[in-house]
Amino acid sequence: NAIRDRITSVKNTKKITTAMKLVAAAKVRRAQDAVLATRPFSETLQSVFGGLIQRLGGEAMDLPLLTQREVNKVTLVVVTGDRGLCGGYNSFMIKKAEARFNELKGQGVDVDMVLIGKKGIAYFERRQFPIRKTFECSQNPN
């Protein structure tokens, strides 16, 4: 009897997990569509700047956008999840962000962070990294 109850419990858990995966996949698809929708804007902006640079040609103009400067300060934007079935993603993003932070610090660059998602916020606050701003994600990307 206990074995039958356990089997039923495992089957129910499997159904719930499958449903959660489907919901997560739908949310990722929606977020990807939102990113793809911004592509035409990005391409137009790129062509406008490209045309501007071509028209200026060799003229010596003082445009702040086109001047090359030494990098003194960098803000890393780290996007992690709030909860759910993305442990591998969260740990990968945290490791990459921490490695980049240490690399920039080693080069003598001042670094701070903007954190999006509870997992990244908890990790970096616990280790007292310099954090400029934090944002917790809602379940519906917009």
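Everything numeric in this text was worked out from a predicted model, so none of it was measured.

Digging into the packing of aromatic side chains
Here is step 1: Inspection of every chain in the model, using the stated rule, returns 3 aromatic pairs.
Here is step 2: Consider the rings of Phe101 and Phe129, whose centres lie 4.8 Å apart with planes at 70°: the pair is edge-to-face. Remark: Phe129 occurs in the loop between helix H4 (118-126) and strand E3 (131-135) and Phe101 occurs in helix H3 (residues 87-106); sequence separation between them is 28 residues.
Here is step 3: You can call Phe129 buried: its relative accessible area is 13%.
Here is step 4: Each ring, one from Phe124 and one from Phe129, has its centre 5.0 Å from the other, and the planes form 85°; the classification is edge-to-face.
Here is step 5: Using a relative accessible area of 0% as the deciding quantity, one classes Phe124 as buried.
Here is step 6: Following the ring pairs from residue to residue traces out a cluster consisting of Phe101, Tyr123, Phe124 and Phe129.

A word on the sheet that holds strand E2 (residues 110-116)
Here is step 1: Strands sit in the order E1-E2-E3 across an open sheet of 3 strands; the sheet is parallel. The open sheet terminates on both sides in strands that have one partner only, identified here as strand E1 (73-79) and E3. Strand-to-strand twist across the sheet, computed as the mean angle between neighbouring axes with direction ignored, equals 15°.
Here is step 2: Alignment of E2 against E3, held across 4 bridges, turns out to be parallel. Residue Val114 lies in a different strand from E3, and its bridge partner there is Lys133.
Here is step 3: Sitting on the sheet, H3 touches E1 and E2, and the angle it makes with E1 is about 175°.
Here is step 4: Where H4 meets the sheet, its contacts fall on E1, E2 and E3, and the angle it forms with E3 comes to roughly 150°.

What counts and how
Residues numbered from 1 in each chain as written. Predicted model: local features only at pLDDT ≥ 70, side-chain atom pairs only at ≥ 80, totals over all residues. Heavy atoms only, no water. Phe/Tyr/Trp six-rings, centres within 6.5 Å; stacked < 30°, edge-to-face > 60°. Helix = DSSP H or I, 4+ residues; strand = E, 2+ residues; numbered from the N terminus. Buried < 20%, exposed > 50% of the residue type's maximum accessible area, 1.4 Å probe, protein only. Pairing = 2+ DSSP bridges. Axes fitted to C-alpha atoms, helices over the stretch in contact; angles between N-to-C directions. Contact = heavy atoms within 4.5 Å.

All we've got here are geometric facts, nothing functional implied.
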